[in-house]
Amino acid sequence: MKDLGLRAKLARITGNNSGMAVVEVVLLIVVLIALVAIFRTQALALVNKIWTSIKDGASGITGTGMFIY
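For clarity, every value in this text was computed on a predicted model and none was experimentally measured.

What counts, and where the lines are drawn
Counting from 1, residues in each chain are numbered in the order their sequence is written. Predicted model: local features are reported for residues with pLDDT of at least 70 only, side-chain atom pairs are reported and counted for 80 or more only, and whole-chain, interface and lining totals are derived from all residues. Note that water and hydrogens are dropped before the side-chain values are worked out from all heavy atoms of the structure. Secondary structure elements are taken from DSSP: a helix is a run of H or I of four residues or more, a strand is a run of E of two residues or more, and numbering for both begins at the N terminus. Each residue is assigned to one of three classes by its accessible area relative to the maximum for its type, calculated with a 1.4 Å probe on protein chains only: buried under 20%, partly exposed between the two thresholds, exposed over 50%. Using the Shrake-Rupley algorithm and a 1.4 Å probe, accessible areas are obtained, with residue cover drawn only from the displayed protein chains. Confidence scores here are pLDDT values: one per residue, from the predictor, ranging 0 to 100. Patch membership needs two things, relative accessible area over 30% and no salt bridge, and members are linked within 9 Å if like-charged or within 5 Å if nonpolar (Val, Leu, Ile, Met, Phe, Trp, Tyr). Here a salt bridge means any side-chain nitrogen of Lys or Arg lying within 4 Å of a carboxyl oxygen belonging to Asp or Glu.

### Regarding the overall build of the protein chain
Okay, so step 1: Across its full length, the protein chain carries 3 helices and 0 strands.
Okay, so step 2: Walking the protein chain from its N terminus toward its C terminus, one meets helices and strands in the order α-α-α.
Okay, so step 3: Put simply, the protein chain has 69 residues, and 0% of those count as buried.
Okay, so step 4: Carbon together with sulfur atoms contributes 72% to the accessible area of the protein chain, which is approximately 6500 Å² in total.

### A few points about the confidence of the model for the protein chain
Okay, so step 1: Taken over all residues, the pLDDT of the protein chain has a mean of 79, while the share at 70 or more is 74%.
Okay, so step 2: Mean pLDDT per element in the protein chain: helix α1 (residues 2–15) is the minimum at 72, and helix α2 (residues 20–38) is the maximum at 89.

### Side note on a nonpolar patch on the surface
Okay, so step 1: Together, V31, L32, L35, I38 and F39 line one region of the surface with nonpolar side chains, adding up to about 490 Å² of accessible area.
Okay, so step 2: Relative accessible area serves as the criterion here: at 40%, L35 is assigned to the partly exposed category.

This is the structure in structure tokens:
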């Protein structure tokens, strides 16, 4: 008889997953922040390289040395 009570408690504990979505979202945010912190310099270098390429291409099209916003 005591075994049924233990099984019922275990089923009740494992069946309640209402807080799992919050934990998953928090873990994803933590992982994303860690990735940004690790690869920050590489990401900034890539963005600067792309931006420079866009500016050079735009100045070639407009014929001016300035990038027009």
